[in-house]
2 protein chains.
Amino acid sequence: MAVEMKKVFTIALRLLALASTVVAIVVMVRSHDSAEVFNLTFTAKYSNTPAFKYFVIAEAVGGAYTVIVIFLYSKSILGRLIIILDTVITVLLSSSISAALAIAQVGKKGNSHAGWLPVCGQVPRFCDQATISLIAGFVAAVVYFVLLLCSLHAVLTPIFAAKP
Amino acid sequence: MAVEMKKVFTIALRLLALASTVVAIVVMVRSHDSAEVFNLTFTAKYSNTPAFKYFVIAEAVGGAYTVIVIFLYSKSILGRLIIILDTVITVLLSSSISAALAIAQVGKKGNSHAGWLPVCGQVPRFCDQATISLIAGFVAAVVYFVLLLCSLHAVLTPIFAAKP
């Protein structure tokens with residue numbers, strides 16, 4: 001019964017991670033806004049920023065991996081190898097959300113020392129959409145981090161217990 | 001003999017990670033340069049950029065943790081709990097280097113769509129020092145990632161072997 005509960009909990013977490021990556025990708029890819037500054041039209045979209053492109057690619061890899069794992073999980077093929085793959089995906093998701101957040105922070109607050117002005121005043125719709133996408137990406141990274149810690153705890157506990 | 005070799009290899013990797021974090025912190029904290037643009041003196045230092053501050057803090061946490069683990073490792077106190085802590089440090093280091101690299105990329109190349117000009121032309125010395133620091137931080141993150149995968153492989157192998 002406890003094992004069944006744990007399986008359901010794990011699959012629920014993976015479905016949450018999958019939903020988060022899908023929301024992150026769709027909202028980020030569809031996000032755009034344009035502004036006119038000094039008669040120059042200025043279009044904001046995710047593909048103008050390498051960190052956002054990396055974010056979308058990482059979310060796509062994370063989402064695709066999650067689909068494969070949910071599909072294989074019921075067949076118990078991969079077994080504990082999943083922990084190693086989960087580690088890689090957790091690092092990938094946390095790395096990409098960090099890079100995207102660093103750029104988003106400059107977009108929102110600017111950096112007066114470097115002379116980089118905030119752009120969210122000009123393209124508020126793009127910033128709102130990017131914020132939603134980054135929140136979804138952050139949720140996906142946190143879910144994977146929790147999943148990984150739970151798996152590690154479960155795998156290591158019998159080893160701890162076996163050691164006097 | 002194989003176990004001894006593995007211990008030496010692991011400690012060597014941790015010493016390399018420690019050295020990398022120390023280099024990353026020292027070079028980043030000491031980095032500075034100033035330029036005069038339109039009669040305004042413009043000083044570049046790591047503390048002007050939140051992502052670089054996060055990078056220095058993460059490297060400090062990673063370095064301090066590495067010292068503690070090397071000290072405790074010989075006494076075999078923490079045992080396999082180290083794997084869980086290694087996971088946390090790996091995620092922290094990879095997240096911080098990603099955020100710092102995202103900002104460094106804008107510093108070097110700028111982002112014409114957002115109107116952010118590259119600053120490395122004005123403060124080349126700061127950029128060179130930041131680059132050295134980021135390379136060291138990248139090495140630390142990669143070393144921890146390799147350490148973690150090796151530990152996971154070692155822990156999971158008997159489990160794989162036990163399963164027919």
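Reading guide: rules and limits
- Residues numbered from 1 in each chain as written.
- Chains lettered and ligands numbered in written order.
- Predicted model: local features only at pLDDT ≥ 70, side-chain atom pairs only at ≥ 80, totals over all residues.
- Heavy atoms only, no water.
- UniProt positions renumbered as here; feature names shortened; annotations may be inferred.
- Helix = DSSP H or I, 4+ residues; strand = E, 2+ residues; numbered from the N terminus.
- Contact = heavy atoms within 4.5 Å.
- Buried area = accessible area lost by both parts, 1.4 Å probe.
- Salt bridge = Lys/Arg side-chain N within 4 Å of Asp/Glu carboxyl O.
- Polar contact = N/O pair within 3.5 Å; in protein donor to acceptor, adjacent residues only side chain to side chain.
- Nonpolar A, V, L, I, M, F, W, Y, C, P; charged D, E, K, R; others polar.
- Least-squares fit on C-alpha atoms with pLDDT ≥ 70 in both.
- Phe/Tyr/Trp six-rings, centres within 6.5 Å; stacked < 30°, edge-to-face > 60°.
- Buried < 20%, exposed > 50% of the residue type's maximum accessible area, 1.4 Å probe, protein only.
- Axes fitted to C-alpha atoms, helices over the stretch in contact; angles between N-to-C directions.
- Left-handed = near helix turned anticlockwise from the far one by under 90°.
- Disulfide = S-S within 2.5 Å.

Another aspect to go through is the UniProt feature "transmembrane region" (unreviewed entry) in chain A. Residue and element names in this part refer to chain A. The sites that carry the UniProt feature "transmembrane region" (unreviewed entry) are, in the present numbering, residues 54–74, 81–104 and 132–156. End C-alpha to end C-alpha, residues 81–104 measures 35 Å, and it is 100% helix and 0% strand. For residues 132–156, the end-to-end C-alpha separation is 36 Å, with 100% helix and 0% strand making up the annotated structure.

This brings us to the interface of chain A and chain B. Contact residues are listed per partner, giving 37 residues for chain A and 37 residues for chain B. Sorting the residues of chain A by area buried against chain B places Arg80(A), His113(A) and Trp116(A) first, and these three jointly supply 19% of that buried surface. The tally of links between chain A and chain B comes to zero salt bridges. Across the contact surface, chain A and chain B share six residue pairs in polar contact (both at pLDDT 80 or more). The set of elements that each furnish at least two residues to the side of chain A that touches chain B consists of α2 (50–73), α3 (81–109) and α4 (124–162) of chain A. At 16 residues, α3(A) tops the list of elements feeding residues into the side of chain A that touches chain B. Of the residues contributing to the side of chain A that touches chain B, the split by class is 24 nonpolar, 12 polar and one charged.

Another aspect to go through is the relation of the copies chain A and chain B. Once turned by 180° and shifted 0.0 Å along the axis, chain A lies on chain B with an RMSD of 0.0 Å. Those values place the two copies in the arrangement expected of a two-fold rotation axis. In this assembly the copies share their binding face: 100% of the residues contributing to the interface of chain A also contribute to that of chain B.

Residue and element names in this part refer to chain B. A complete count under the given rule lists five aromatic pairs over all chains for this structure. Summarising the aromatic geometry, the rings of Phe52 and Phe126 are spaced 6.4 Å apart at their centres and angled 50° between planes, so their arrangement reads as tilted. With Phe52 in helix α2 (residues 50–73) and Phe126 in helix α4 (residues 124–162), this residue pair connects regions lying 74 residues apart in the sequence. The exposure class assigned to Phe126 is buried, which follows from its relative accessible area of 8%.

Moving on, we come to the side chain of Ser98(B). Structurally, Ser98(B) can be placed in helix α3 (residues 81–109). Note on Ser98(B): relative accessible area 9%, which makes it buried. Polar side-chain contacts of Ser98(B) include one of 2.7 Å to the side chain of Ser95(A). Within the local environment of Ser98(B), its side chain forms a polar contact with the backbone oxygen of Ser94(B), the two atoms lying 2.6 Å apart. Dropping the residues within four chain positions of it, Ser98(B) is found in contact with Ser95(A), Ser98(A) and Ala99(A).

Before going further, it helps to spend a moment on the packing of α3(A) against α3(B). The axes of two packed helices give the description: the angle between them and the distance between them. At their nearest, the axes of α3(A) and α3(B) sit 8 Å apart, and the two run at 40° to each other. Once α3(A) is placed against α3(B), the crossing between them reads as right-handed. Every residue of α3(B) that contacts α3(A) at Thr90(A), Val91(A), Ser94(A), Ser95(A), Ser98(A), Ala99(A), Ala102(A), Ile103(A) and Val106(A) is listed here: Thr90(B), Val91(B), Ser94(B), Ser95(B), Ser98(B), Ala99(B), Ala102(B), Ile103(B) and Val106(B). Grouping the constituent residues of the contact of α3(A) with α3(B) by class yields 10 nonpolar, eight polar and no charged.

Let us now look at the state of the cysteines. Residue and element names in this part refer to chain B. Counted by the stated rule, this structure contains two disulfides over all chains. The side chain of Cys120 participates in a disulfide bridge whose partner is Cys127; the two sulfur atoms lie 1.9 Å from each other. Looking down the S-S bond of the Cys120 and Cys127 bridge, the torsion is -85°, so its handedness is left-handed. When sorted by exposure, Cys120 lands in the same class as Cys127, which is buried.

Once that is clear, we can look at the pattern of salt bridges. Residue and element names in this part refer to chain B. All chains considered together, the criterion is met by four salt bridges over all chains. Across the pair Arg14 and Asp86 runs a salt bridge whose closest N-O atoms are separated by 2.9 Å. Placement of the pair is Arg14 in helix α1 (residues 2–30) and Asp86 in helix α3, with a sequence separation of 72 residues. Across the pair, exposure class does not vary: Arg14 and Asp86 are buried alike. Where Asp33 meets Arg125, a salt bridge forms, and the shortest distance between an N and an O atom there is 3.8 Å. Residue Asp33 is located in strand β1 (residues 32–37), and its partner Arg125 is located in helix α4; the two are separated by 92 residues in the primary sequence. What makes Asp33 buried here is its relative accessible area of 9%. On the basis of relative accessible area, Arg125 is assigned to the partly exposed category, the value being 45%.

The next thing to look at is the environment of Gln105(A). Looking at where Gln105(A) falls in the secondary structure, it is placed in helix α3. Of the residues examined, Gln105(A) reaches a relative accessible area of 29% and is grouped as partly exposed. Along the sequence, Gln105(A) and Pro118(A) sit 13 residues apart, while their C-alpha atoms lie 8.8 Å from each other. Discounting chain neighbours no more than four positions away, the residues touching Gln105(A) are Gly110(A) and Pro50(B).

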